[in-house]
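Each chain, written out:
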Amino acid sequence: MWDSVLQILRTSNTLTARDKGWLEDISPEAVFGSTIVLCVSNKAAQEAIQDTLNGSLLDALQTVSGTAMFPAIKIVKPTNAAGQSKAGTEQAFQPETARAAQDSGDSQQGEEPSNAISAASSPEFSLAEPVVAPMRHREETVQTASMPSGLATPAVRQNDTSEEPPQTFDGRSTLPFSMPSFPGGQQKVERDPETHLNTNATFDTFVPGDSNRFARTVALAVAEGSGRDFNPLCIYGSSGLGKTHLLNAIGNYALVKDPSLKVRYVNSEEFTNEFIDALQNSAHGSGQITEFNHRYRQVDVLLIDDIQFLGGKEATLDQFFHTFNALHDANKRIVIASDVQPKNLKGFEQRLISRFDSGLTVDVKPPDRETRVAILRMMSSNSGARIPNEVLDLIAERFTENIRELEGALTRVTAVASLNGQNVTKSLAEQTLQDFFTTDVEIKPTDIITQVAQYFHLTFDDLVGRTRTKNIALARQIAMYLGREMTSMSLVDIGEVFGGRDHTTVMHAYTRISGEMQEKREIYNYVMELTVRLKQHPIE
């Protein structure tokens, strides 16, 4: 593969002889999903690749591999032990899956332009971001050598023997090229029972843009292990912008790099509940607290989501403070996500906030129009749906706040087309989504519960209570779905409104209703009629 890339660059008419001279200093090291790690011997070569050679290199990589790739440029000082010739290295750098992608003749979207960002670490590590390239419709799906078409490559674990072993270069594990999978237009959650990671949330399935590029770059450096100066890493931003995705991507990538790592993803609700359970059971002995401490203080990477919900919980915060100190003192990686900057967290002691501020804080913002289109294109491509560009442009133009809105709009349009046996067209999309374009009414969760209860001839208490009869359960799940779609509340917040239910219950309801909208006209009609009522006739 690298030989072919070099051949393209060496014969390029846009590069000068000086530019081409930098090529001789590049040695390929490994491939991790859509990231290719390239080694150079000095800073000057690194900067030249990120600047002058950036566009040409990305175009050549896409031409050869058939998919957009992210070069990661690493400075490795030459040693006498490195007796292997560059030709030998290049000959070894021939991942079978890359050749399969090349043979398919397909090409995937390029990414937006950006200045390259270096992560100050050892060894020096930097990402050369891609330049703009038009998105081409894929007639076929690139298939990896070890995975059937339509399946996403899972994180590689020590005990995973179901797949062929990944390619290795210099003893490093790598991921084959793969296409992410979003069945039914939604990204399926595959939870690892040990780490609690969603194995489908990877850097490959995270669409970068100007709104999140720096956060992604730093997250990749932390996952790769080179971002030691970014500890802890704090990611903040509004709901539905990809913070949880980045946390899971860090954990999955870290395990690919080193399957022996102990990684733990947890949200604040789970951390609190586990601590309370340990306290309650400690009345019979100290074993439960000891086990809790071991579970969280012996990990190599701790990823904690929605940390703002720990505010005011003094005992839990004290436990987290000591857990944080134990991990930080042992140089273990800590990544937290919040809806606000650490300095704005409510109910947190200054001693903990100061520890958060000692690392690096990055934000994710609402995606710009080009990124929204790229996200929609990924969703439609990986669900197997053929969505015209004008429909994607329409949705991206009208839904601007977060990724969840985009998913919901695309789900509605494809559901209508599926139920009516129609092709997706701009006029169909406009008609389906017209009720979402005409109002800025603020929807409160209590409005949703009240309106759904009235619609199904139930009471408010029926929906927030514990009754699980079929008619009440369906109405409750629809109300949870609408809460997720029409408010900026987190899963944890929605669960609290519905009688203190767990966030996983809300996620199950959302996933079920999303799926049934595609298959059952009755469910689709319920959701659409209630949406119109809430938009046009808010509860007084």
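Residues numbered from 1 in each chain as written. Predicted model: local features only at pLDDT ≥ 70, side-chain atom pairs only at ≥ 80, totals over all residues. Heavy atoms only, no water.

K.L.:
With reference to specific residues and values, describe the overall build of the protein.
P.N.:
Broken down by element type, the protein carries 22 helices and 12 strands. Expressed as a percentage of the 540 residues in the protein, the buried residues total 55%. Nonlocal contacts in the protein, meaning residues at least 24 apart in sequence, comprise 74% of its contacts between residues at least 6 apart. Accessible surface, the protein: about 23400 Å² in total, of which carbon and sulfur atoms supply 47%. (Helix = DSSP H or I, 4+ residues; strand = E, 2+ residues; numbered from the N terminus. Buried < 20%, exposed > 50% of the residue type's maximum accessible area, 1.4 Å probe, protein only. Contact = heavy atoms within 4.5 Å. Areas by Shrake-Rupley, 256 points an atom, 1.4 Å probe, with all protein chains shown as cover.)

K.L.:
Can you lay out helix 1 (residues 2-10) for me, pointing to particular residues and giving the numbers?
P.N.:
Because an α-helix completes one turn every 3.6 residues, residues spaced three or four positions apart along the sequence face the same direction. Three or more residues of helix 1 are buried, namely Trp2, Val5, Leu6 and Leu9. The arc that holds every buried residue of helix 1, seen down its axis, measures 95°, which confines them to one face. (Arc of directions from axis to C-beta.)

K.L.:
Break down the pattern of salt bridges for me, citing the residues and quoting the values.
P.N.:
Counting across every chain of the model gives 15 salt bridges. As a salt-bridge pair, Arg213 and Asp210 come within 3.9 Å of each other at their nearest N and O atoms. In this structure, Glu274 engages Arg295 in a salt bridge whose closest nitrogen and oxygen atoms are separated by 2.6 Å. Of this pair, Glu274 sits in helix 9 (residues 268-281) while Arg295 sits in helix 10 (residues 287-297), and the two are 21 residues apart along the sequence. Look at Glu274 and you get buried, because its relative accessible area is 18%. Connected through salt bridges with shared partners, the residues Arg264, Glu274, Glu291 and Arg295 form a single ionic network. (Salt bridge = Lys/Arg side-chain N within 4 Å of Asp/Glu carboxyl O.)

K.L.:
Tell me about unusual backbone geometry, and please be specific about residues and values.
P.N.:
In the segment running from Asn231 into Pro232, the intervening peptide bond is cis, with an omega of 5°. Relative to the elements of secondary structure, Pro232 occurs in the loop between helix 7 (213-224) and strand 8 (233-236). One non-glycine residue, His196, adopts positive backbone phi at about 70°. Residue placement: His196 occurs in the loop between strand 7 (172-173) and helix 7.

K.L.:
Talk me through the packing of helix 19 (residues 470-486) against helix 21 (residues 503-519); I want residue IDs and the actual numbers.
P.N.:
Two elements in contact, helix 19 and helix 21, have axes whose closest approach is 8 Å; the angle formed by their N-to-C orientations is 95°. Considering their axes alone, helix 19 and helix 21 lie roughly perpendicular with respect to each other. Within the contact between the two elements, helix 19 uses Leu474, Gln477, Ile478, Met480, Tyr481, Arg484 and Glu485 and helix 21 uses Thr505, Val506, His508, Ala509, Tyr510, Arg512, Ile513, Ser514 and Met517. Its residues assigned to classes, the contact of helix 19 with helix 21 shows 9 nonpolar, 4 polar and 3 charged. (Axes fitted to C-alpha atoms, helices over the stretch in contact; angles between N-to-C directions. Parallel < 35°, antiparallel > 145°, perpendicular 65-115°, else oblique. Nonpolar A, V, L, I, M, F, W, Y, C, P; charged D, E, K, R; others polar.)

K.L.:
Kindly report on the packing of aromatic side chains, identifying the contributing residues and their values.
P.N.:
Scanning the model with the defined rule gives 14 aromatic pairs in all. The interplanar angle of 50° and the centroid separation of 5.6 Å between the aromatic rings of Phe275 and Phe292 together place this pair among those described as tilted. One end of the pair, Phe275, is in helix 9; the other, Phe292, is in helix 10, and 17 residues separate them in sequence. In this structure Phe275 comes out as buried when scored by relative accessible area, which is 6%. A relative accessible area of 1% places Phe292 in the buried class. (Phe/Tyr/Trp six-rings, centres within 6.5 Å; stacked < 30°, edge-to-face > 60°.)

K.L.:
Go over the sheet that holds strand 12 (residues 360-363) with me, naming the residues and quoting the values.
P.N.:
Where strands meet in a sheet, backbone hydrogen bonds hold them as pairs that are either parallel or antiparallel. Strand order in the open sheet made by the 5 strands is 9-10-11-8-12, with parallel pairing throughout. Both outer strands of the open sheet, strand 9 (263-267) and strand 12, are each paired with one neighbouring strand and no more. In this sheet, neighbouring strand axes are inclined to one another by 15° on average, regardless of whether the strands run parallel or antiparallel. Across 4 bridges, strand 8 lies against strand 11 (residues 333-338) in parallel orientation. (Pairing = 2+ DSSP bridges.)

K.L.:
Please give an account of the pairing of strand 10 (residues 301-305) that cites residues and values.
P.N.:
Most of strand 10 is tucked away, with 5 of its 5 residues classed as buried. Here strand 9 runs beside strand 10; their pairing, made up of 5 bridges, is parallel. By the bridge assignment, Val263 is partnered in strand 10 with Val301. Note: strand 10 against strand 11, 4 bridges, orientation parallel.

K.L.:
Which residues make up the nonpolar core, and what values do they have?
P.N.:
Residues Ile395, Val452, Phe456, Ile478 and Leu482 are the most contacted members of the largest nonpolar core, which totals 62 residues. Excluding its chain neighbours within four sequence positions, the residues that come into contact with Phe456 are Ala475, Ile478, Tyr526 and Leu530. Counting residues in each nonpolar core, the second largest holds 30 residues, with Leu220, Ala223, Tyr265 and Val362 among its members. (Core = buried A, V, L, I, M, F, W, Y, C linked by side-chain atoms within 4.5 Å.)

K.L.:
Go over the environment of Thr414, please, and point to the residues and values.
P.N.:
Locating Thr414 in the fold gives a position in helix 15 (residues 403-420). Note on Thr414: relative accessible area 17%, which makes it buried. Thr414 sits 14 residues away from Leu428 along the chain, and the two C-alpha atoms are 9.6 Å apart. With residues up to four places along the chain from it excluded, the contact list for Thr414 reads Ile387 and Gln518. At 3.1 Å, the side chain of Thr414 forms a polar contact with the backbone oxygen of Thr411. (Polar contact = N/O pair within 3.5 Å; in protein donor to acceptor, adjacent residues only side chain to side chain.)

K.L.:
Describe the environment of Thr459, listing the residues and the values that go with them.
P.N.:
Structurally, Thr459 can be placed in the loop between helix 17 (445-455) and helix 18 (460-464). You can call Thr459 partly exposed: its relative accessible area is 41%. Residues Thr459 and Ile472, spaced 13 residues apart in sequence, show a C-alpha to C-alpha distance of 9.6 Å.

K.L.:
Please set out the environment of Ile235 residue by residue, giving values where relevant.
P.N.:
Structurally, Ile235 can be placed in strand 8. Sequence separation between Ile235 and Ala337 is 102 residues, and the spatial gap between their C-alpha atoms is 4.7 Å.

K.L.:
Before we move on, could you go through the confidence of the model for the protein and cite the residues and values that matter?
P.N.:
The pLDDT averaged across the protein works out to 74; a share of 75% of its residues lies at or above 70. Taking the mean pLDDT of every element in the protein, the minimum, 33, falls on strand 4 (residues 117-119) and the maximum, 94, on strand 10. Per-residue pLDDT stays below 50 along residues 80-186; that stretch engages in 258 contacts with residues further than four places along the chain or on separate chains. (pLDDT = per-residue confidence, 0-100.)

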